[in-house]
Number of protein chains: 2
Amino acid sequence: MVGLGIIGGSYARGLTKAGYTVKAIDTDPATIQYALENGIIAEGTTEADRKIIGEADLLIFALYPHIFKEWIAANQWFLKAGAILTDVTGVKGRLVGEIQDMLRDDCEYIAAHPMAGGEKLGIWYSDEKKFYDANYIVVPTEKNTENAIETCRQIGEILQFARISQLPPYEHDEMIGFVSQLTHCIAMTLMTCNDTENLEDFTGDSFRDLTRIARIDDVMWSELFLSNKDALLHQMKLFTMEFSKLERMLMEADKEGIRDMMRRSTARRALFEKEKPEEKPEA
Amino acid sequence: MVGLGIIGGSYARGLTKAGYTVKAIDTDPATIQYALENGIIAEGTTEADRKIIGEADLLIFALYPHIFKEWIAANQWFLKAGAILTDVTGVKGRLVGEIQDMLRDDCEYIAAHPMAGGEKLGIWYSDEKKFYDANYIVVPTEKNTENAIETCRQIGEILQFARISQLPPYEHDEMIGFVSQLTHCIAMTLMTCNDTENLEDFTGDSFRDLTRIARIDDVMWSELFLSNKDALLHQMKLFTMEFSKLERMLMEADKEGIRDMMRRSTARRALFEKEKPEEKPEA
């Protein structure tokens with residue numbers, strides 16, 4: 001594991017529990033100490049230790065995107081021949097090609113995206129059950145081998161993700177632009193657009209639900225937004241166009257139009273229930 | 001209780017449990033039957049029963065806004081002199097004045113708003129604990145007496161709301177336009193703005209959180225939106241302006257601007273936590 005935050009830490013817990021020998025590199029000494037003391041990893045270091053790097057069959061990178069590239073540039077020559085590299089980065093587009101282009105020919109990078117986050121940061125919040133409810137997406141390019149794709153899928157199975165799927169980088173980023181990045185844009189906008197005092201005294205669950213993700217790691221997310229700029233701007237435009245339609249219907253007191261949009265919203269939301277909508281219980 | 005849906009039913013459960021004799025009027029026979037069989041009410045009818053109406057010291061209306069007005073017009077002459085009327089309607093503005101103006105002089109209407117909903121409808125989902133976590137707002141006008149305001153507050157106490165407060169109708173509606181109606185507008189827009197197939201296979205908790213309230217009762221909410229049109233349009237405009245700023249920063253790759261907005265969002269969201277943000281546990 002390179003990077004042992006909440007995601008890297010949760011990977012480490014799951015893999016260790018499944019019987020794998022997990023070694024970790026993280027620049028934070030407290031993180032490594034915590035991971036060792038709690039049996040999350042077998043070995044750990046705060047340096048890019050050449051021995052640990054050279055012994056690994058599989059390296060999983062859970063780092064900020066730009067650090068991931070720097071790390072590969074600085075350390076790839078210490079990798080074992082045949083090593084497989086994968087990651088947890090939330091945007092794939094250019095990054096996948098860049099890493100694949102710069103990487104040694106006798107190692108292989110296969111991209112993956114565990115769709116799980118959480119507003120809490122650090123290994124302290126890692127959990128071996130973190131992914132039981134989440135999606136895992138393998139994001140291969142035509143450069144990837146069947147063997148690496150299969151290895152990458154197996155990680156998803158070992159960590160017991162609820163669903164494992166596969167998408168090309170472009171489609172992955174379009175989808176992420178919508179379901180993840182647009183939602184974060186909306187949450188932070190809602191949180192900052194009205195600074196009336198004491199609003200918190202009156203908020204109910206709706207407002208709390210819509211702004212849970214408004215607590216956002218600015219270093220990571222600004223980078224993710226900018227690395228997926230075009231897809232995200234496209235999704236923001238789709239949202240704005242639909243929002244303006246609603247605004248206009250309201251201005252014109254077009255009750256039937258508003259009701260129609262509400263009915264479409266309700267019908268479509270039913271598709272997104274984790275479980276089937278409950279039946280009305282028998283009286 | 002006039003109207004015995006999820007909110008009316010939860011009121012009835014709480015008041016019955018506290019020892020009050022609760023009688024209910026609801027047009028749906030299955031609702032009345034369920035409420036009687038489950039001990040939620042002492043007596044119930046599907047008609048505007050003159051005897052039940054004439055005996056009530058306190059009437060609580062949990063109806064669609066326009067039905068509330070019709071009900072008062074049709075039935076107010078059967079009320080007991082001195083009866084206090086209250087409600088659960090989500091928008092107050094014109095409604096409060098209209099009802100107070102049309103109501104007999106020897107009865108008093110004091111508005112209230114329990115800020116609790118839920119996407120499930122009907123008494124089947126009512127719960128005596130429904131309000132333990134919620135806000136209750138008493139919304140008096142200058143026509144209201146101290147006695148009625150105090151009675152209305154007591155209902156909030158009996159039902160064990162987490163917080164009881166008081167706002168004039170105009171301020172109440174401004175606040176509701178933001179924390180409740182704008183959030184519903186956003187959720188339904190997000191739900192309808194992109195109809196890519198199979199998106200549900202890739203959604204995580206963020207998207208689910210932001211669209212939970214996209215399942216929306218079109219009859220009630222279209223009415224609530226339109227009865228608070230000006231306040232809601234104002235809030236939509238504040239949101240759109242802030243959202244456009246973010247769009248522009250993204251277009252210009254203004255990383256520092258985006259990070260600044262993220263930090264403001266994170267700081268402000270902390271105010272809205274139900275509990276204090278957790279400390280990082282000791283290593």
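These figures come from a predicted structure and were not determined experimentally.

Quick look at the overall build of chain A
- For chain A, the helix and strand inventory stands at 11 helices and 8 strands.
- Counting only C-alpha atoms, chain A reaches 70 × 45 × 40 Å along its principal axes.
- Expressed as a percentage of its 283 residues, the buried residues of chain A come to 45%.
- Across chain A, every contact between residues at least 6 apart in sequence was considered, and the portion connecting residues at least 24 apart equals 72%.

What to know about the sheet that holds strand β4 (residues 84–87) of chain A
Residues and elements named next belong to chain A.
- The parallel open sheet is built from 3 strands, whose spatial order is β3-β4-β5. Strands at the two margins of the open sheet, each flanked by one partner only, are β3 (58–61) and β5 (108–109).
- As defined by bridge partners, β3 adjoins β4 across 4 bridges and the pair is classed as parallel. Across the sheet, the residue bridging to Leu58 is Ile84, located in β4.

Describing the interface of chain B and chain A
- Chain B puts 80 residues into the contact, and the matching count from chain A is 80 residues.
- Looking at the side of chain B that touches chain A, the elements that each hand over two or more residues are α2 (29–37), β8 (163–166), α7 (169–192), α8 (205–211), α9 (218–227), α10 (229–251) and α11 (255–270) of chain B.
- Taken together, the residues of the side of chain B that touches chain A break down into 43 nonpolar, 19 polar and 18 charged.

What to know about the packing of helix α10 (residues 229–251) of chain A against α10 of chain B
- Look at α10 of chain A against α10 of chain B: their axes get within 11 Å of each other, and the N-to-C directions meet at 165 degrees. For the element pair α10 of chain A / α10 of chain B, the angle class is roughly antiparallel. The interaxial crossing formed by α10 of chain A with α10 of chain B has left-handed handedness. Of the residues in α10 of chain B, those touching α10 of chain A at Lys229, Leu232, Leu233, Met236, Thr240, Phe243, Glu247, Leu250 and Met251 of chain A are Lys229, Leu232, Leu233, Met236, Thr240, Phe243, Glu247, Leu250 and Met251 of chain B.
- In the contact of α10 of chain A with α10 of chain B, the residues fall into 12 nonpolar, 2 polar and 4 charged.

What about the domain arrangement of chain A?
Residue and element names in this part refer to chain A.
- In terms of domains, chain A is made up of domain 1 (6–167) and domain 2 (172–270).
- Each of domain 1 and domain 2 was reduced to a C-alpha centroid, and the two centroids are 31 Å apart.
- Tallying the contact residues gives 15 residues for domain 1 and 15 residues for domain 2.
- Counting residues per element, the ones that place at least two in the side of domain 1 that touches domain 2 are α4 (65–75), α5 (93–102) and β7 (135–139).
- Partitioned by chemical class, the residues of the side of domain 1 that touches domain 2 number 8 nonpolar, 4 polar and 3 charged.

Overview of the confidence of the model for chain A
Residue and element names in this part refer to chain A.
- For chain A, per-residue confidence averages 92 on the pLDDT scale, and 96% of positions sit at 70 or higher.
- Scored below 50 in pLDDT, residues 276–283 shows 7 contacts in the model against residues more than four places distant or in partner chains.
- The ipTM for the predicted assembly is 0.81, set against a pTM of 0.80.

A look at the nonpolar core
- Ala12 and Ala112 of chain A together with Ala12 and Ala112 of chain B are the most contacted members of the largest nonpolar core, which has 166 residues in total.
- Apart from residues no more than four positions distant in its own chain, Ala112 of chain A is found in contact with Thr86, Asp87, Val88, Tyr136, Ile137, Val138, Val139, Cys152 and Ile155 of chain A.

Focus: the environment of Ala231 of chain A
- Within the element layout of this structure, Ala231 of chain A appears in helix α10.
- Setting aside residues no more than four positions away along its own chain, Ala231 of chain A makes contact with Asp173, Glu174 and Gly177 of chain A.

Some points on the sheet that holds strand β6 (residues 111–115) of chain B
All names here are of chain B.
- Within the open sheet, the 3 strands sit side by side as β6-β7-β8. Their pairing is mixed. Whereas interior strands pair on both sides, the edge strands pair on one side only; in this sheet they are β6 and β8. On average, each strand axis in the sheet is tilted by 20 degrees relative to the strand beside it, whichever way the strands run.
- Direction of pairing for β6 relative to strand β7 (residues 135–139): antiparallel, over a ladder of 5 bridges. Residue Met115 lies in a different strand from β7, and its bridge partner there is Asn135.

A look at the pairing of β4 of chain A
All names here are of chain A.
- On β4, burial covers both faces: Ile84 and Thr86 on one face and Leu85 and Asp87 on the other are all buried.
- Two elements, β4 and β5, share 2 bridges in a ladder whose sense is parallel. The partner of Leu85 across the bridge, within β5, is Tyr109.

Points about the relation of the copies chain B and chain A
- Between chain B and chain A, which share one sequence, the superposing operator has a rotation angle of 180 degrees and an axial displacement of 0.0 Å; the RMSD is 0.0 Å. Expressed as a symmetry operation, the mapping of one chain copy onto the other fits a two-fold axis. Taking C-alpha positions as reference, the residue of chain B nearest the rotation axis is Leu210 of chain B, located at 2.3 Å.
- Looking at chain B, 100% of its interface residues are interface residues in chain A too, so the copies touch through the same face.

Considerations on α11 of chain B
- Counted at 1.5 Å a residue, the expected span for α11 of chain B with its 16 residues is 22 Å, and the 23 Å between its end C-alpha atoms agrees.
- Looking only at α11 of chain B, the buried set comprises Ile258, Met261, Met262, Ser265 and Arg269 of chain B. One face of α11 of chain B carries all of its buried residues, which in axial projection span an arc of 100 degrees. Exposed residues pointing more than 90 degrees away from the buried face of α11 of chain B are listed as Glu256 and Ala270 of chain B.
- On its buried face, α11 of chain B is in contact with α7 (169–192), α8 (205–211) and α9 (218–227) of chain A together with α10 of chain B.

So, the environment of Ser10 of chain B
All names here are of chain B.
- You can see Ser10 is positioned in helix α1 (residues 6–17).
- Look at Ser10 and you get buried, because 26 C-beta atoms sit within 10 Å.
- Once residues lying within four places of it in the same chain are set aside, the contact partners of Ser10 are Ser126, Asp127, Glu128, Lys130 and Phe131.

Remarks on unusual backbone geometry
- Of note, Gln160 of chain A is a non-glycine position whose phi angle comes to about 60 degrees, a positive value.
- Among the structural elements, Gln160 of chain A can be located in the loop between α6 (146–158) and β8 (163–166).
- A count of 16 C-beta atoms within 10 Å places Gln160 of chain A in the partly exposed class.
- Phi angles above zero are rare outside glycine, and Ala253 of chain B is one such case at about 50 degrees.
- With respect to the secondary-structure elements, Ala253 of chain B resides in the loop between α10 and α11.

Quick word on helix α2 (residues 29–37) of chain A
Residues and elements named next belong to chain A.
- Inspection of α2 places Thr31, Ile32, Tyr34 and Ala35 among the buried residues, and these make up the whole buried set. Seen along its axis, α2 keeps its buried residues to an arc of 165 degrees; they face one direction. Along α2, exposed side chains directed more than 90 degrees from the buried face belong to Pro29 and Glu37.
- Contact partners of the buried residues in α2: α1 (6–17), β1 (23–25) and β2 (43–45).

Definitions and cut-offs
- Residues numbered from 1 in each chain as written.
- Chains lettered and ligands numbered in written order.
- Predicted model: local features only at pLDDT ≥ 70, side-chain atom pairs only at ≥ 80, totals over all residues.
- Helix = DSSP H or I, 4+ residues; strand = E, 2+ residues; numbered from the N terminus.
- Buried ≥ 20, exposed ≤ 12 C-beta atoms within 10 Å, placed from the backbone.
- Contact = placed C-beta atoms within 7 Å.
- Pairing = 2+ DSSP bridges.
- Nonpolar A, V, L, I, M, F, W, Y, C, P; charged D, E, K, R; others polar.
- Axes fitted to C-alpha atoms, helices over the stretch in contact; angles between N-to-C directions.
- Parallel < 35°, antiparallel > 145°, perpendicular 65-115°, else oblique.
- Left-handed = near helix turned anticlockwise from the far one by under 90°.
- Domains from an automatic or database assignment.
- pLDDT = per-residue confidence, 0-100.
- Core = buried A, V, L, I, M, F, W, Y, C linked by C-beta atoms within 7 Å.
- Least-squares fit on C-alpha atoms with pLDDT ≥ 70 in both.
- Expected span 1.5 Å × (residues − 1).
- Arc of directions from axis to C-beta.

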